[in-house]
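Observations on the model geometry
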Amino acid sequence: MSILVDENTRLCTSGITGREGTFHSLRNREYGTQVVAGVTPGKGGQDVEGIPVFNTFRAAVDAEGANTAMIFVPPRFAADSILEAEDAGIELIICITEGIPAQDELRVYNVLKKNGRSRLIGPNCPGILSPGKASVGIIPASFFKQGNVGVVSRSGTLTYQIGNVLAQSGFGNSSIVGIGGDPVPGTDFIDVLGMFQADGETELIVMCGEIGGDAEERAAEFIAENVTKPVVGYIAGFTAPPGKTMGHAGAIVSGSRGTAKAKAEALESKGVRVGRTPTQVAELAASLLAAAA
Amino acid sequence: MDLLEYQGKQLFARHGVPVPNGQPARTVEDAVAAAEAVGYPCAIKAQVQIGGRGKLGGIKIAADRAEAEQHARAILGMDIRGLTVHELWIEAASQIASEYYASVVFDRSAKAPLVMLSTKGGMDIEQVADEDPDAIAHLHVDPLLGFQDFHGRRLAFEAGVDDDVVRPVGAMLAKLYDVFTSEEATLVEVNPLIITPERDVKALDAKVTLDDNALFRHGDNADLRDLSGEDPQERMAKERGLTYVKLDGNVGILANGAGLSMSTLDVVAEAGGTPANFLDAGGGSRADAITSAVEVILSDPKVKAVLFNIFGGITRCDEVAKGLIEAFKQINPTVPFVVRLDGTNGEEGRALLAEAQLPNVYTEPTMDGAAAKVVELAAAAAQESS
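Being a predicted model, the structure only gives us computed values, none of them experimental. Numbering of residues begins from 1 in every chain and follows the order in which that chain's sequence is written. Chain A is the first chain written and ligand 1 is the first ligand written, with later ones labelled in order. Whole-chain, interface and lining totals are the exception, using all residues; otherwise, since this is a predicted model, local features are given only for residues with pLDDT of at least 70 and side-chain atom pairs are given and counted only at 80 or more.

Only DSSP runs of H or I with at least four residues qualify as helices, and only runs of E with at least two residues qualify as strands; both kinds are numbered from the N terminus onward. Tallying secondary structure elements over chain A gives nine helices and 14 strands in all. By the compact-globule yardstick of 19 Å for 293 residues, chain A fits well, its C-alpha radius of gyration being 18 Å. Principal-axis analysis of the C-alpha atoms places the extent of chain A at approximately 55 × 45 × 30 Å. Three exposure classes are used. Buried residues have 20 or more other C-beta atoms within 10 Å of their own C-beta, exposed residues have 12 or fewer, and partly exposed residues fall in between, all C-beta atoms being placed from the backbone. Taken across its 293 residues, chain A has 58% of its residues classed as buried. With C-alpha atoms as the basis for the radius of gyration, the globule rule is written as 2.2 Å multiplied by the number of residues raised to the power 0.38.

If you want it as structure tokens, here you go:
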């Protein structure tokens, strides 16, 4: 098993005819993902290397049975595209786009929550990779192999770094989920932690957080109540000064809130081991898995 | 983007939020003319993005023309906690019967706007929240529904405002919510919100943060950016489209991706060093972006050594290597560089660097090893120059 994306994923890319949309859709297909359609308004009837393009999500769902959407359109069009995919009944929507206005994200989040039929991953995320099964997004799949470590992260490159150290120690991954660096992620740590807890293949969970907000603190509470599998944590931004946005729109210490120290302490107070460096995270994961074996 | 007080008040006025009549000024002459137009007594207020300026002498009341000139001269150019005052706001002095606090904030945890009201205005609201949390009335607004009249009444009654101003205070909150949504702010704060002896409700201060990602829909607001308050290196980076935050250490840092960049800072600190900056070269960085980033990092004179920490996903390590080689051709840096290239095209990147034989450039295979090396080099350089 794995979570969210696998052999049954039927992907439709919004913005497939754009440079990035084309490049990554083809890369995902090369990995083995079923990329069944693309949407670009006004370019319906064309194709991208054999992937049919439709004017609307509804047409892509009707003709190709798309069940997963990847959003690659520029920020000003992204909220509309997510809402269109939701309206067409797509269950899983993965938004790679960075820079979406905060109030658009609020509106999208609350509409999806109210209707309760679609899950949004991102925005501003690298996507999801289930090694050996499917890759949706921009995660460089060649660094990861199939295995029993589930990874959930607010950051892309940091995930690659940690995944790579894990791979060098001989461990693979069930799924790698980038939930994104924006203030209003469609899916939070606790959602993904719950999925990994239920997933038969996952034996250990690595959770990479960063400064800003309280998602890590809420995850700590959730882990104490609901997660029996071992969890190793990492928090980026111990050296971040307050009031400065550190690259990700959501990575900001506001006053005394959202610090890395508070997050690490919240996790440790619930028995989660927190690595101080990516290397330490991999070492902790390796020793916990070895102890369990 | 944080607005200055007067920019916030001008925004308020456009949405019908009552504010004292006033004018901005950048020179003593303009300030006196503004005071004459506004009338006496008037308040001369330093326009800097920092709290507590009143206590530091940044706000004075002028009773006549001579005082207006005297205060304007004193405040313009004044240093308030490291920020120089370049602008003044001159407004009609207000009579105050009560001071309240009102705000609309973007509550990322609840995924909804949060409206707050308190009768304990004029003080630091975080302090009020710590010492007397019941003194602040809270309400989350469903963004799909918007702010309703009953929300305003509920907040006003719960905060315990004077009975005769329940409705006008509620109406004020509705207008502040309107500013928050239609201008796409992430913070709208009024402290103090005053009740005058005539029982009028007015915003005596304005703190507004706009969502940078939404400025494309608000061209007028985009023009309000106050560059004078920004650090010169941060301004230079912004003009070049780089994500850079200035810190006060001596190890310059370039990494790719926000999370890995933050993590690199932390690992350098763990190794005993002090980061000089955060710089996320971004996904898919091309050689020219890397060259440009090196210039920004080295424009900080405190930098004694530089660390490149790249784990290539979309970013290709050979492009990063080319950028660094080009930077050496163009600016001939004198400080040592430590470079760790891993991930996509890592081998090609390392081969390019080896071939170029750049002076004072060390390659390291791991993030931890690279951090230790750069800290050692920075410490040696700092000792030499002291």
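Right, picking up where we left off after that structure.
Moving on, we get to the nonpolar core. Nonpolar cores are identified as sets of buried Ala, Val, Leu, Ile, Met, Phe, Trp, Tyr and Cys residues joined via C-beta atoms within 7 Å. Core analysis: the largest hydrophobic core is formed by 144 residues, its most contacted members being Ile71, Ile94 and Ala285 of chain A together with Val374 of chain B. The dominant element in this core, judged by the number of residues it contributes, is helix 13 (residues 367-385) of chain B, at seven residues. Those residues in contact with Ile94 of chain A that sit more than four places away from it in its chain are Thr68, Ala69, Met70, Ile71, Ile121, Gly122, Gly127, Ile128, Val136 and Gly137 of chain A. What counts as a contact is two residues whose backbone-derived C-beta atoms lie within 7 Å of each other.

Turning our attention to the interface of chain B and chain A. Across the contact, 42 residues belong to chain B and 50 residues belong to chain A. Within the residue set of the side of chain B that touches chain A, elements represented by two or more residues are strand 13 (243-246), helix 9 (258-270), strand 15 (277-280), strand 17 (337-343) and helix 13 of chain B. No other element matches the eleven residues that helix 9 of chain B contributes to the side of chain B that touches chain A. Just so you know the grouping, Ala, Val, Leu, Ile, Met, Phe, Trp, Tyr, Cys and Pro go in nonpolar, Asp, Glu, Lys and Arg go in charged, and all remaining residues, Gly too, go in polar. Grouping the constituent residues of the side of chain B that touches chain A by class yields 18 nonpolar, 13 polar and eleven charged.

Residue and element names in this part refer to chain A. Strand 13 (residues 231-236) sits mainly inside the fold: six of its six residues count as buried. By definition, two strands form a pair when at least two bridges between them are found by DSSP. Relative to strand 13, strand 12 (residues 204-210) is paired through six bridges, and the arrangement is parallel. Bridge pairing links Gly209 to Ile235 in strand 13. Here a crossover is taken to be right-handed if, once the strands point away from the viewer, the path from the first strand over the helix to the second is traced clockwise. Each parallel crossover has a hand, and the one from strand 12 via helix 7 (residues 215-226) to strand 13 is right-handed. Once the chain exits strand 13 it traverses helix 8 (residues 260-269) before rejoining the sheet at strand 14 (residues 273-275), and the crossover so formed is right-handed.

So, about helix 7 of chain A. To estimate how far a helix should extend, the number of its residues minus one is multiplied by 1.5 Å. For helix 7 of chain A, built from twelve residues, the straight-helix expectation of 16 Å at 1.5 Å per residue is met to within 8% by its first-to-last C-alpha distance of 16 Å. In this fold, the buried residues of helix 7 of chain A make contact with helix 6 (189-198), strand 12, strand 13 and helix 8 of chain A.

This paragraph deals with the sheet that holds strand 1 (residues 22-25) of chain B. All names here are of chain B. One open sheet accounts for four strands, arranged 1-6-2-3; its pairing is antiparallel. Bordering the open sheet on either side are strand 1 and strand 3 (59-62), each of which pairs with just one other strand. If you compare each strand with its neighbour and ignore which way they point, the axes differ by 20 degrees on average. Note that strand 2 (residues 42-46) and strand 3 share four bridges and pair antiparallel. Among the inter-strand pairings, Cys42 is bridged to a residue of strand 3, identified as Ala62. Here helix 3 (residues 65-75) sits on the sheet in contact with strand 2, strand 3 and strand 6 (88-92), set at roughly 10 degrees to strand 2. Interaxial angles span 0 to 180 degrees and are taken between N-to-C directions of axes, which are lines fitted to C-alpha atoms, for helices over the stretch in contact.

A few words on the pairing of strand 1 (residues 10-14) of chain A. Residues and elements named next belong to chain A. Judged by how many residues are buried, strand 1 sits mostly within the fold: four of five residues are covered. Relative to strand 2 (residues 34-39), strand 1 is paired through five bridges, and the arrangement is parallel. Note that in strand 2 the partner of Ser14 across the bridge is Val39. Regarding topology, helix 1 (residues 19-31) serves as the crossover connection from strand 1 to the parallel strand 2, and that connection is right-handed.

Residues and elements named next belong to chain A. The split of the chain into domains comes from an automatic or database domain assignment. Here chain A is described as being made up of domain 1 (10-121) and domain 2 (144-292). The gap between the C-alpha centroids of domain 1 and domain 2 is 27 Å. Between domain 1 and domain 2, the contact holds eight residues from the first and seven residues from the second. Those elements that provide at least two residues to the side of domain 1 that touches domain 2 are helix 4 (102-115) and strand 7 (119-121). In terms of residues, the side of domain 1 that touches domain 2 owes the most to one element, helix 4, which gives five residues. Grouping the constituent residues of the side of domain 1 that touches domain 2 by class yields six nonpolar, no polar and two charged.

Next up on the list: the environment of Ser182 of chain B. Residue and element names in this part refer to chain B. Here Ser182 lies in helix 6 (residues 166-182). Judged by the 13 C-beta atoms lying within 10 Å of it, Ser182 is partly exposed. Along the sequence, Ser182 and His15 sit 167 residues apart, while their C-alpha atoms lie 9.3 Å from each other.

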